[in-house]
Amino acid sequence: MPKKIIIIGAGLTGLTAALRLIEQGYRVTIVEASHEVGGLAGSVILDGTPVERYYHFICREDRDLIKFISELDLADKLNWREASTSLFINRKIYPFNTPLDLLKFDPTPFSQRLRFGIHIARSQFRKSWLGLDKIAAKPWLIGRVGMSAYMAIWDPLLRIKFGEFHEQISAAWIWHRIHRVSLSRARLFGLNSYGFLEQGCHTLMKRMLEKLSGSEKFSLILNKRVSKILIEHGKTQAVLLENRETIQADSIISTCAIPSFLKLVDSLGVYGASLASIKYLNIACAIFELDRPFSNNFWLNVNDPHVSFNGIVETTNLNPRRDLKAKSLIYIPYYMSPDDPRWGWMDEAFFNDYIGALKLINPKFSENWIIGSHFFRDVNAQAVCLVGFSEVIPAMRTPVHGLYMTDSAQYYPEDRTLSASVRLGASVAKLLTRDM
Ligand SMILES: Cc1cc2nc3c(=O)[nH]c(=O)nc-3n(C[C@H](O)[C@H](O)[C@H](O)COP(=O)(O)OP(=O)(O)OC[C@H]3O[C@@H](n4cnc5c(N)ncnc54)[C@H](O)[C@@H]3O)c2cc1C
């Protein structure tokens, strides 16, 4: 009998691992807590058509994902388009795309605009990052671009996103973000060009499920949460579901975020203590369906003391969704540490906050433009990569025989990306196959 593997979680990592393991001849069961696959890359149905719960764009550097999309015969569904980025500061929207835009960016002195541009170019070509792992992003960026440019451009990203941790974020993490995005520029004086799938990640998930469902070795259990991983004599035996059902397995891969994984297992000793030291942020994100465009930007960075979020992502300026009634979809993410009192806010409180800010950013905006609104929340959506994070990147192989674990902390210095999830899913499947 082929060995049986259980994968906890049907996000992109779990589905990729399942595909690779089925190819190797294993029997695979995925257990997913939600009623659908996709995880953070899941979708909702609007006007009878799928729309991503959270925005996703693809960069030229996302090679594992681009290769995987081709392998799934989806290359014709992957489109590339130039899309505009701007920055709202001092009550004004500044285009922030080309060297010329940078030279005209008057909230910072001219010399710092030049330093900012040089820093982007150097980060684009830089390959080594281990030295940057030992220093914090804030002093590194101030040293490279100057205080005024830092405060105008980088400070809101770090401070609003990471709150109390913002001064300890590793320079390697921010370097990789700059590196990845800057490599998506095809022409020096053009806009950045990003990729997107028709109907977003749903296109990918649907094709993966079609492939998996074609195998009799695959089964998917939706709407059932794993509540415990059962271990005997240092070896995995089974998973226990919330309804007390148990499913036996030769090996288990958890793809849920570390804080959730730690609740499924009893003590993992030193390994578990190292996992527990990693901090996470929760995400709350609104989608507004508008009857007209909010702006002509795909990405609008926001730096204003009266606005509590740091960006608006108008995905329809990258992927114009003619299959929707709305002319525009805007996403407004809010990252929070789990003990942030705002996490306990009702959805309405967030909406009131958003509406006031949208009016401030675009004085023509009116609530009448909104034809639909949605709000999503997920816990542990972002690992916080502090200085020295390379020393705590968790191993996929746990101390328990037959138990493997994946988490976005393993992408480091890369930020969470679909591409890294595909890579991680394939890597954990390879590791398990080698161990069997
Ligand atoms: C706001 C936001 C914006 C993003 N933007 C981009 C972008 O522009 N480009 C890009 O490339 N990437 C982006 N990403 C990152 C991308 O979405 C993730 O890297 C990827 O989806 C992670 O997939 P995963 O399978 O590793 O994890 P997840 O998607 O978190 O999957 C884990 C799954 O495990 C399930 N689960 C958890 N606990 C249990 C349990 N006990 N029992 C059973 N099931 C369980 C969950 O329900 C979930 O389905 C973004 C992410 C967010 C949050």
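Remember, predicted model here, so these are calculated numbers, not experimental data.

This brings us to the packing of helix H5 (residues 137–145) against helix H7 (residues 171–182). The interhelical angle for the contact between H5 and H7, taken along N-to-C directions, is 55°, at an axis separation of 8 Å. Considering the angle they form, H5 stands oblique to H7. Contacts between H5 and H7 involve Ala137, Trp140 and Leu141 from the first element and Ala171, Ile174, Trp175 and Ile178 from the second. Partitioned by chemical class, the residues of the contact of H5 with H7 number seven nonpolar, no polar and no charged.

This brings us to a nonpolar patch on the surface. Nonpolar side chains collect at one region of the surface, where Leu100, Leu103, Phe110, Leu114, Ile118, Leu188 and Phe189 lie side by side and expose about 690 Å² of accessible area between them. Going through the elements one at a time, helix H3 (99–103) and helix H4 (110–125) are the ones with two or more residues in the nonpolar patch. Top element by residues in the nonpolar patch is H4. It accounts for three residues. Among the structural elements, Leu114 can be located in helix H4. For Leu114, a relative accessible area of 41% corresponds to the partly exposed category.

Examined at the domain level, the protein chain breaks down into domain 1 (4–56 + 200–278 + 393–435) and domain 2 (98–190). The centre of domain 1, based on its C-alpha atoms, is set 34 Å off from the matching centre of domain 2. Across the contact, six residues belong to domain 1 and ten residues belong to domain 2. A per-residue breakdown of the area domain 1 buries against domain 2 is headed by Tyr412, Pro413 and Asp415, which together make up 74% of the total. Linking domain 1 with domain 2 are one salt bridge. Residue Asp415 pairs with Arg177 through a salt bridge whose shortest N-O separation is 3.2 Å. Across the domain 1-domain 2 interface, the total number found is three residue pairs in polar contact (both at pLDDT 80 or more). Here the residues of the side of domain 1 that touches domain 2 sort into two nonpolar, one polar and three charged.

About the criteria used
Residues numbered from 1 in each chain as written. Predicted model: local features only at pLDDT ≥ 70, side-chain atom pairs only at ≥ 80, totals over all residues. Heavy atoms only, no water. Axes fitted to C-alpha atoms, helices over the stretch in contact; angles between N-to-C directions. Helix = DSSP H or I, 4+ residues; strand = E, 2+ residues; numbered from the N terminus. Parallel < 35°, antiparallel > 145°, perpendicular 65-115°, else oblique. Contact = heavy atoms within 4.5 Å. Nonpolar A, V, L, I, M, F, W, Y, C, P; charged D, E, K, R; others polar. Patch = residues over 30% accessible without salt bridge, like charges linked within 9 Å, V, L, I, M, F, W, Y side chains within 5 Å. Areas by Shrake-Rupley, 256 points an atom, 1.4 Å probe, with all protein chains shown as cover. Salt bridge = Lys/Arg side-chain N within 4 Å of Asp/Glu carboxyl O. Buried < 20%, exposed > 50% of the residue type's maximum accessible area, 1.4 Å probe, protein only. Domains from an automatic or database assignment. Buried area = accessible area lost by both parts, 1.4 Å probe. Polar contact = N/O pair within 3.5 Å; in protein donor to acceptor, adjacent residues only side chain to side chain.

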